[in-house]
Amino acid sequence: MDDRAARTPPAGDLTGCVKASEQSFDCYRDELTAIVARHSPQKAFAALKQYYDNVSYVKSQCHQLTHAIGRAALDRYGELSDTYAQGDHYCWAGYHHGALEEYSANKGFDYVIKNANQVCEKLASREKFSFNHYNCVHGLGHGFMEVQNGELFFALYACDKINDDWERESCYVGVYMQNFMEA
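Residues numbered from 1 in each chain as written. Predicted model: local features only at pLDDT ≥ 70, side-chain atom pairs only at ≥ 80, totals over all residues. Heavy atoms only, no water.

### Here we look at the packing of helix 4 (residues 41-52) against helix 8 (residues 90-107)
Which entries qualify depends on this criterion: The axes are straight lines fitted to the C-alpha atoms, using for helices just the contacting stretch, and the angles between their N-to-C directions are given from 0 to 180°. Numbered from the N terminus, helices here are DSSP runs of H or I no shorter than four residues, and strands are runs of E no shorter than two. Each angle is binned into one of four classes, with values under 35 degrees roughly parallel, values over 145 roughly antiparallel, values of 65 to 115 roughly perpendicular, and all other values oblique. In this scheme, a crossing is called left-handed if the near helix is turned counterclockwise away from the far one by less than a right angle; it is called right-handed if the turn is clockwise. Residue contacts are defined here by distance: any two heavy atoms, one from each residue, within 4.5 Å place the two residues in contact. Following the grouping adopted for this structure description, the nonpolar residues are Ala, Val, Leu, Ile, Met, Phe, Trp, Tyr, Cys and Pro, the charged ones are Asp, Glu, Lys and Arg, and the polar ones are all others, Gly among them.
At a minimum axis distance of 13 Å, the contact between helix 4 and helix 8 shows a crossing angle of 150°. Taken together, the axes of helix 4 and helix 8 are roughly antiparallel relative to one another. In the crossing of helix 4 with helix 8, the sense of the turn from one axis to the other is right-handed. For the pair formed by helix 4 and helix 8, the contact residues are P41, F45, K49 and Y52 on the first element and Y90, C91, W92 and Y95 on the second. Among the residues making up the contact of helix 4 with helix 8, the classes are represented as 7 nonpolar, no polar and 1 charged.

Below is the structure:
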């Protein structure tokens, strides 16, 4: 039985997750997703930050939890540059990585690899070599791992399709980071 089906629907705050006898990533993910859908990524970050210093689970899973906020934000805003504009770099920019994971999952591997040089183009044209630009191509590495089900060498091969050396190297770092986090 799916663990999520047994739980009550998301309330839109993290109180139930914090008070649960056993901390659950699914609980936090579902609540943060609900907060983004009902309110905004900023409200989801505020909820996460509220518990960061006092709940060890939140602190230890913060990067992955911000991935969930980024994924939900892309679903809300639909466009990467709009999603990035609503983001926060809290917990090592996991928001941006999650947005690229969701983008890659929505578009599919064939589309993303065929358009690898265009995915971050809008951000690059506005702020080349910025932290947002870096997190876009780095997040693309996370996205390649997502659509390749964690297959390291296929994801690295996908990064090889990026023409710009700096962007390609940044993509590799995203692949390796995702590989490490999944281990």
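Having seen the model, we can carry on.
### Quick word on helix 8
To be explicit about the condition: A helix is expected to span 1.5 Å multiplied by its residue count minus one. For every residue, the accessible area (1.4 Å probe, protein chains only) is compared with the maximum for its type, and the residue is labelled buried under 20%, exposed over 50%, or partly exposed between those bounds.
The end-to-end C-alpha separation of helix 8 is 26 Å, in line with the 26 Å expected for 18 residues at 1.5 Å each. When you tally the buried positions in helix 8, you get 13 out of 18 residues, the bulk of the element. Just past helix 8, the residue G108 takes up positive phi, approximately 90°.

### Focus on the packing of aromatic side chains
What counts is decided by this rule: To pair, rings of Phe, Tyr and Trp, with the six-membered ring standing in for Trp, must have centres within 6.5 Å; the planes then decide the type, stacked if under 30 degrees apart, edge-to-face if over 60, and tilted in the middle. Put simply, a charge is over a ring when the Lys NZ or the Arg CZ is close to the ring centre, within 6 Å, and near the line of the ring normal, within 35 degrees.
On inspection of all chains with the given rule, the structure shows 7 aromatic pairs. Centre to centre, the rings of Y28 and Y57 are 5.5 Å apart; their planes meet at 20°, and the pair counts as stacked. Linking Y28 in helix 3 (residues 25-38) with Y57 in helix 5 (residues 56-60), this pair joins segments that are 29 residues apart in sequence. Assigned by exposure class, Y28 and Y57 land together as buried. Aromatic rings pair up to connect F129, F131, Y134 and W166 into one cluster. Over the ring of Y111 we find K107; its NZ or CZ atom is 4.9 Å from the centre of that ring. Over the aromatic face of F129 sits the side chain of K128, whose NZ or CZ is 4.9 Å from the ring centroid.

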